[in-house]
Amino acid sequence: EAQVTQNPRYLITVTGKKLTVTCSQNMNHEYMSWYRQDPGLGLRQIYYSMNVEVTDKGDVPEGYKVSRKEKRNFPLILESPSPNQTSLYFCASSFVAGGPYEQYFGPGTRLTVT
Amino acid sequence: GQQLNQSPQSMFIQEGEDVSMNCTSSSIFNTWLWYKQDPGEGPVLLIALYKAGELTSNGRLTAQFGITRKDSFLNISASIPSDVGIYFCAGPSFSGTYKYIFGTGTRLKVLA
């Protein structure tokens, strides 16, 4: 089954404790992306990657890191989480040819930072 | 940066009613996409629009790419309870990057 998987689905952590949210896709997509969703603000792009070893900032990259060592995986790293990073996070992927139009989304990771 | 504003923010409608929502931008978009997010899940693509003036249907859904390329509209006819969710417009940024911009969303609730 074609899908984007994220782990964990729920995470409660404390300020300053490094964490990683994993994302994996099995559709051989070049483009992968991370979003955060907050009430009234829609989805805002954090980082995206056009292919292996190619990453770029979205609109809200501060406080986040990503890496793309393999085509299928795109982990999101919070080196020192803060309460304002409490949010619902989505990973997505798509083909690049013609533009990253149809994004396929994972089920989401709800993060709470206390 | 580019922003997409959606209206209305939320709507409550009776089952069987038609729904209209729109999405506007301060800058031009070359592609408009409409997604639906069911409660507790990630967004799923409903309709993609690639040309100014284009009108595209997907079952009871119809979307239009505005002539100015700065807006798009989504209509749902004869709403049913499973239409409940958040509807987002979105598109690739037209700024020389491959950023992807989402609108603020329209939350739809259908009363049976």
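So, how was this worked out
- Residues numbered from 1 in each chain as written.
- Chains lettered and ligands numbered in written order.
- Predicted model: local features only at pLDDT ≥ 70, side-chain atom pairs only at ≥ 80, totals over all residues.
- Heavy atoms only, no water.
- Salt bridge = Lys/Arg side-chain N within 4 Å of Asp/Glu carboxyl O.
- Helix = DSSP H or I, 4+ residues; strand = E, 2+ residues; numbered from the N terminus.
- Buried < 20%, exposed > 50% of the residue type's maximum accessible area, 1.4 Å probe, protein only.
- Contact = heavy atoms within 4.5 Å.
- Buried area = accessible area lost by both parts, 1.4 Å probe.
- Nonpolar A, V, L, I, M, F, W, Y, C, P; charged D, E, K, R; others polar.
- Pairing = 2+ DSSP bridges.
- 1 Å grid on protein atoms, 1.4 Å probe; cavity = no way out; pocket = protein on both sides within 12 Å on 5 of 7 lines; lining within 4 Å.
- Points joined across faces, edges and corners; volume = space filled by probe spheres on them.

1. What about the pattern of salt bridges?
Residues and elements named next belong to chain A.
- This structure, assessed with the given rule, holds seven salt bridges over all chains.
- The residue Lys18 makes a salt bridge to Glu79 at a minimum N-O spacing of 4.0 Å. One end of the pair, Lys18, is in the loop between strand E2 (10–13) and strand E3 (19–25); the other, Glu79, is in the loop between strand E8 (76–78) and strand E9 (87–94), and 61 residues separate them in sequence.
- The partner of Asp38 in a salt bridge is Arg44, with the nearest N and O atoms 2.8 Å apart.
- The class for Asp38 is buried, based on a relative accessible area of 12%.
- Within this structure, Lys18, Lys65 and Glu79 form a network of salt bridges that share partners.

2. As for the interface of chain B and chain A
- Opposite the 21 residues of chain B that make contact, chain A presents 22 residues.
- Contact with chain A buries surface across chain B, with Tyr98, Lys99 and Tyr100 of chain B losing the most and accounting together for 35% of the total.
- Summed over the shared surface of chain B and chain A, the number is one salt bridge.
- Listed by contribution, the elements that provide at least two residues to the side of chain B that touches chain A are strand E4 (32–37), strand E9 (85–92) and strand E10 (100–102) of chain B.
- Looking at side-chain class alone, the side of chain B that touches chain A contains 12 nonpolar, seven polar and two charged residues.

3. Quick notes on the pairing of strand E7 (residues 61–65) of chain B
Residue and element names in this part refer to chain B.
- Alternating residues of E7 divide into Leu61, Ala63 and Phe65, all buried, and Thr62 and Gln64, none buried.
- For strand E6 (residues 55–58) and E7, the ladder comprises four bridges, and the chain directions are antiparallel. Within E7, the position partnered with Thr56 by the bridge is Ala63.
- Taking the residues that link successive antiparallel strands as the turn, the E6-E7 hairpin has two residues, and the phi of Gly59 there is positive, at about 65°.
- Examined bridge by bridge, E7 and strand E8 (residues 71–76) share five bridges and lie antiparallel to one another. When the sheet's bridge partners are listed, Ala63 is paired in E8 with Leu74.
- As consecutive antiparallel partners, E7 and E8 are separated by five residues, and within that stretch Arg69 has a phi angle of approximately 65°, a positive value.

4. Side note on the layout of surface pockets
- Considering only enclosed or pocket space, the largest pocket measures out at about 610 Å³ in volume.
- If you trace the largest pocket, you find 29 residues lining it, with Gln37 and Leu88 of chain A together with Gln37, Ile86 and Arg107 of chain B closest to the centre.
- Those elements that place two or more of their residues in the lining of the largest pocket are strand E4 (31–38) and E9 of chain A together with E9 and strand E11 (106–111) of chain B.
- Residue composition of the lining of the largest pocket, by class: 10 nonpolar, 12 polar and seven charged.

5. Here's the deal with the sheet that holds E8 of chain A
Residue and element names in this part refer to chain A.
- Within the open sheet, the four strands sit side by side as E1-E3-E8-E7. Their pairing is antiparallel. Looking at which strands have only one partner, the edges of the open sheet turn out to be strand E1 (4–7) and strand E7 (65–66).
- Direction of pairing for E7 relative to E8: antiparallel, over a ladder of two bridges. Bridging across to E8, Val66 finds its partner in Leu76.

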